[in-house]
Amino acid sequence: MRYAMLICGDDREWATLSPADEEDVMKQVYAWFERWQPTGKIIDGGAELQARQTAKTVRADADGRPVITDGPYLELKEVIGAIVLLECDDVDEATRIAATWPFAAGMSALEVRPVMSHE
């Protein structure tokens, strides 16, 4: 079964990392991928998202027409900064893999959620 591992945190903190600290974090992240990718537990390597200021939000107005606004709709401290898709037997296995993620400055939580299948 597929699970989405959502990497959450404060992207304003991520932006304050020194180049050396950022390099160290990325080495830890790459090591995590090197550990789990050969096992077949990671699907497509994941995706790092750009800062919240680059986002657009699309919502329906009262008449059902789309309204587009800059940035996230809500001002949140924590945002989703990256997504990794996992292939695991169950949520417990996906959670055990997520628990090995290298937490760093600004990374405060991982959310593991089953991905819907419409087969």
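As shown above, the structure is provided for reference.
As the structure is a computational prediction, the values presented were derived from the model and not from experiment.

> Honestly, the pattern of salt bridges in this entry has me stumped. Any pointers?
When the charged atoms of two side chains lie near each other, side chains of opposite charge can form a pair. Within the structure shown, the criterion is met by 7 salt bridges. A salt bridge links R65 to D61; the nearest nitrogen and oxygen atoms lie 3.3 Å apart. When its relative accessible area of 48% is taken as the criterion, R65 is described as partly exposed. Since its relative accessible area comes to 26%, D61 is described here as partly exposed. With its nearest N and O atoms 3.1 Å apart, the salt bridge here joins R65 to D63. On the basis of relative accessibility, which here comes to 59%, the residue D63 falls in the exposed class. Salt bridges here are not isolated pairs; linked through shared partners, they connect D61, D63 and R65.

The rules behind each value
- For every chain, the first residue of the written sequence is number 1, and numbering continues from 1 onward in sequence order.
- Only residues with pLDDT of at least 70 are given local features in this predicted model, and only at 80 or more are side-chain atom pairs given and counted; all residues enter the totals for whole chains, interfaces and linings.
- Think of the side-chain values as coming from all heavy atoms in the structure, minus any hydrogens and water.
- One speaks of a salt bridge when a side-chain nitrogen belonging to Lys or Arg is within 4 Å of a carboxyl oxygen belonging to Asp or Glu.
- Relative accessibility under 20% of the residue-type maximum defines a buried residue, over 50% an exposed one, and the middle range a partly exposed one, all with a 1.4 Å probe and only protein chains included.

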